[in-house]
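# A closer look at the structure
The residues making up each chain are set out below.
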Amino acid sequence: MTKILPRMAQKVLQSSDARELSVLGYCMGAPMSASFIATHPEVPVKNYIDLAGPVDFSKVGVFGLWLKKEYFNVDRVVDTLGSIPADLVKAGFKLVKPTMDLSTSLNLWWNLWNDNYVEGFQALNRWANEYVAFPGEFFRQWVRDFYQENKLYRGELVMGGRPVRLENITCPVYVVGAKEDYIAPPACVRALIDLVGSRDKEYVELPGGHISLIAGRGAARHCWPKVSGWLARH
Amino acid sequence: METTPNQLFEMWRKQVEESAQVWKRLLSPEPPAATPPDPAVFWRPVLDQGLQTWAKLFAQTPATPELLAQWKQFLDQWIEAWSKILGQTMGTEQFAKLMGQSFDQFLAALGPLRKAAEQQTEQALQALGLPSRSQVTAVAKQIVELEERLERLEDRIDAVLRRFDGKEPK
């Protein structure tokens, strides 16, 4: 992350001939992109959007509980498994909301003759169920530094040798939480607002869950018009 | 046989209560099995029981659109009720501890098997004259380092070109 992101930013600026970047981070991409902006003041960031990205991991809900140091030995997991298989990641997410697949299947069956519904389901369902494996060392750092020690929120995180201070983010910031998000509950997302050094900052809480916030009909109605409107104003 | 909404509600209530007992048994303090966590384990017995109840009802009553709509409504409520029960249970320290223990046992069982399999694979690859995983990883590391060197060179060439173009002060 510390090697690729700076180059990506540089390439985007070069290829687009733009002077500044708009950065948007979703889910775990949000704490990472926020860390990147905070540690790279030389990158010209015009504005930053956090979509359902956890920042205060003490409020991250059931995942935070399951991954507590007392119950989850991340070193043992990584040392035994190497990389974290996609199936294991999937099992973890499914377990957070065990009835989700059941209600999804029931609703699909109920709307099987509604072409619009089926089309939307196919588009979303495939993406939502395509989990990827985690590289072992990334998983170790992610669980230990973010979930177990909440280093980003406490200002103790170090990435690529640079201390991550979220108050170094001074560009306009827009934070979006989802009301029914059980992966990144609104409280842990909202925390970014209190930590950034920006004067122009805004938090909104929209209907939907972690995925329906950004994908599907609800997202097209609630989230994206708000985000594009904010971008147009900033 | 005519089935009224009250009867349906009563069946649904009974079903939730019975399912709660199944769920309670699942969380009994028996030692957890050393198998990978399977989310289906937590709701499968509950679902099976619910389906049995409704199968009985449909065997006795013709499936009219009204009954189907009621069935869908009850099922939605049933899932919602279960989602809350499961959410409350899984959000407890006791559940987290139980899951941690179960996962630890799985890792303890898997660790030696995995190590033995890796050793055997390494030996087999060596016998066949093929590169092992660690050797491939070492090559991948070298490629990444080469990529980084190329990128640094690219940056320097870009900087020189920008100077020639007059975009950057000398």
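Residues numbered from 1 in each chain as written. Chains lettered and ligands numbered in written order. Predicted model: local features only at pLDDT ≥ 70, side-chain atom pairs only at ≥ 80, totals over all residues.

### Some thoughts on helix α10 (residues 186–195) of chain A
The following threshold applies: Exposure classes come from backbone-placed C-beta atoms, where a residue is buried if 20 or more other C-beta atoms lie within 10 Å of its own, exposed if 12 or fewer do, and partly exposed in between. Strands here mean DSSP runs of E at least two residues long; helices mean DSSP runs of H or I at least four residues long; both are numbered from the N terminus. Along the arc lie the directions from the helix axis toward the C-beta atoms.
Listed in full, the buried residues belonging to α10 of chain A are Cys188, Val189, Ala191, Leu192 and Leu195 of chain A. Each buried residue of α10 of chain A sits inside an arc of 135 degrees when the element is viewed along its axis, so together they form one side.

### Section: the interface of chain B and chain A
The extent of an interface is frequently quoted as the accessible surface area lost upon association of the parts. Note the threshold: Any two residues are considered in contact once their C-beta atoms, placed from the backbone, lie within 7 Å. Side-chain classes follow a simple rule in which Ala, Val, Leu, Ile, Met, Phe, Trp, Tyr, Cys and Pro form the nonpolar group, Asp, Glu, Lys and Arg form the charged group, and the remainder, Gly included, forms the polar group.
At the junction of the two partners, chain B supplies 24 residues and chain A supplies 21 residues. Broken down by element, the side of chain B that touches chain A gets its largest block of residues, 9 residues, from helix α4 (residues 93–128) of chain B. Here the residues of the side of chain B that touches chain A are counted per class, giving 14 nonpolar, 4 polar and 6 charged.

### A short note on the packing of helix α4 (residues 74–81) of chain A against α4 of chain B
Any two packed helices are characterised by the angle at which their axes cross and by the distance between the axes. Operational definition: Note on method: axes are straight lines fitted to C-alpha atoms, helices fitted across the in-contact stretch only, with angles between N-to-C directions ranging 0 to 180 degrees. Geometric relationships in this document are graded by angle, where less than 35 degrees denotes roughly parallel, more than 145 denotes roughly antiparallel, 65 to 115 denotes roughly perpendicular, and other angles denote oblique. Handedness of a crossing is defined here by the sense of rotation of the near helix relative to the far one, left-handed for an anticlockwise turn of less than a right angle and right-handed for a clockwise turn.
Where α4 of chain A contacts α4 of chain B, the axes come no closer than 9 Å and their chain directions differ by 30 degrees. Put simply, α4 of chain A runs roughly parallel to α4 of chain B. Judged by the twist between their axes, the crossing of α4 of chain A over α4 of chain B is left-handed. In contact with Arg76, Val77 and Thr80 of chain A of α4 of chain A, α4 of chain B contributes Leu107, Leu110, Gly111 and Arg114 of chain B. Here the contact of α4 of chain A with α4 of chain B is built from residues that sort into 3 nonpolar, 2 polar and 2 charged.

### Brief notes about unusual backbone geometry
Residues and elements named next belong to chain A. Its identity is not glycine, yet Asp17 carries a phi of approximately 60 degrees, on the positive side. If you trace the backbone, Asp17 turns up in the loop between α1 (4–16) and β1 (21–26). For Asp17, a count of 6 C-beta atoms within 10 Å gives the class exposed. For Cys27, which is not glycine, the phi dihedral falls at a positive 55 degrees. By the secondary structure assignment, Cys27 is in the loop between β1 and α2 (29–39).

### Considerations on helix α11 (residues 217–233) of chain A
Convention followed: By this rule, a helix spans an expected 1.5 Å times one less than how many residues it contains. Bend, at a single residue, is the angle you get between axes fitted to the 7 residues ending at that residue and the 7 residues starting at it.
For α11 of chain A, built from 17 residues, the straight-helix expectation of 24 Å at 1.5 Å per residue is met to within 8% by its first-to-last C-alpha distance of 24 Å. Remark: the principal bend of α11 of chain A, roughly 35 degrees, maps to Cys223 of chain A, with a proline, Pro225 of chain A, within the next four residues.

Function cannot be inferred from these measures alone, as they are strictly geometric.
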